[in-house]
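# Remarks on the overall topology
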Amino acid sequence: MAYIEFRDVKKVYKTGSVDLFALNGADFIIEKGELCIIVGQSGAGKTTLLNIMGGMDRLSSGQVFLDGREISALKENDLALYRRNDVGFVFQFYNLIPNLTAYENIEMASQLVKEPMDCEKLLRDVGLTERKNNFPSQLSGGEQQRIAIARAIAKNPKLLLCDEPTGALDYQTGKAVLKLLQDLSLKNGMTVVIITHNTALTAMADRVIRLKNGVVSSNVVNPNPVSIDLIEW
Ligand SMILES: Nc1ncnc2c1ncn2[C@@H]1O[C@H](COP(=O)(O)OP(=O)(O)O)[C@@H](O)[C@H]1O
Ligand SMILES: [Mg+2]
């Protein structure tokens, strides 16, 4: 069995009399330690898929497995523990807590779990030791996103899920954030899933999943992923 498996996953939204299938039989696998990029047009179901993978949303039918465990069968309590212990989330607009410093944002996440990462080291890894005592409003977008990534991995999660993590960043800053995500996969063996609009980024991934109208149209392993430093768009 693969590390992550989606089996015939459907997600239906009832809008008035019409059923909208955000996911309409999504099937795919992702292996442990891979950097996986999910691409697809707006409305293809990418966010829905990531939210289901992260236990933030429930499917209508089908099955989802992570590390041999059926996530889709968990009761509310166990799903909350799954979210808390196993999943790190990075959002487009960072979602840092405004009245906590950079360090405190990371520390708060680390306090949720039994075996957190060292917060000082995380700050160093994202290159922001000097900004430790700054509040989010005192940081640039790229710096805020690097703090958000440090916060997401402070729990030492099994899975790092990123929904358009560079969507609000300029070119160079976006590249630095992607470099950090690629390093996490390469050096720490973390399983990282990134949603993006930018098809140029697929060259950096170990696996590329294309989503179209709620189904997976292709799932391709890339034998020679390229360093983000070598990708231009
Ligand atoms: N809470 C919701 N209620 C109704 N429709 C939704 C809801 N969330 C998403 N959708 C619809 O499901 C489809 C897939 O959405 P989404 O997963 O956000 O796509 P993507 O992230 O690829 O842009 C879209 O048509 C969207 O309008
Ligand atoms: Mg989306």
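These numbers were taken from a predicted model, which means no experiment stands behind them.

### So, unusual backbone geometry
In the Ramachandran plot, Asp8 falls in the positive-phi region, its phi being about 50° despite a non-glycine side chain. Of note, Asp8 is situated in strand 1 (residues 4-15). Relative accessible area serves as the criterion here: at 41%, Asp8 is assigned to the partly exposed category.

### Here's the deal with helix 5 (residues 141-153)
A rise of 1.5 Å per residue sets the reference length of helix 5, with its 13 residues, at 18 Å; its end C-alpha atoms lie 19 Å apart and thus fit the reference within 8%. Most of helix 5 is tucked away, with 11 of its 13 residues classed as buried. The inward-facing, buried residues of helix 5 abut strand 6 (87-90), helix 3 (102-110), helix 4 (119-125), strand 7 (159-163) and helix 6 (171-188).

### Let's talk about helix 6
Owing to its 3.6 residues per turn, the α-helix aligns residues three or four sequence positions apart on the same side. The end-to-end C-alpha separation of helix 6 is 25 Å, in line with the 26 Å expected for 18 residues at 1.5 Å each. Where helix 6 is buried, its residues contact strand 3 (35-39), helix 4, helix 5, strand 7 and strand 8 (191-196). Where helix 6 ends, the next residue or the one after it, Gly189, has phi of about 65°, a positive value.

### Quick look at the site of ligand 1
In the vicinity of ligand 1, the contacting residues are Tyr13, Leu20, Ala22, Gln41, Ser42, Gly43, Ala44, Gly45, Lys46, Thr47 and Thr48. Residue Gly43 places a main-chain N or O atom 2.7 Å away from an oxygen atom belonging to ligand 1. A distance of 2.5 Å is found between an oxygen atom of ligand 1 and a side-chain nitrogen or oxygen belonging to Thr48. Elements with a minimum of two residues in the shell around ligand 1: strand 2 (18-30) and helix 1 (46-53). Ranked by the residues each element gives to the shell around ligand 1, the list is headed by helix 1, at 3 residues.

What counts as what
- Residues numbered from 1 in each chain as written.
- Chains lettered and ligands numbered in written order.
- Predicted model: local features only at pLDDT ≥ 70, side-chain atom pairs only at ≥ 80, totals over all residues.
- Heavy atoms only, no water.
- Helix = DSSP H or I, 4+ residues; strand = E, 2+ residues; numbered from the N terminus.
- Buried < 20%, exposed > 50% of the residue type's maximum accessible area, 1.4 Å probe, protein only.
- Expected span 1.5 Å × (residues − 1).
- Contact = heavy atoms within 4.5 Å.
- Near = heavy atom within 4 Å.
- Polar contact = N/O pair within 3.5 Å; in protein donor to acceptor, adjacent residues only side chain to side chain.

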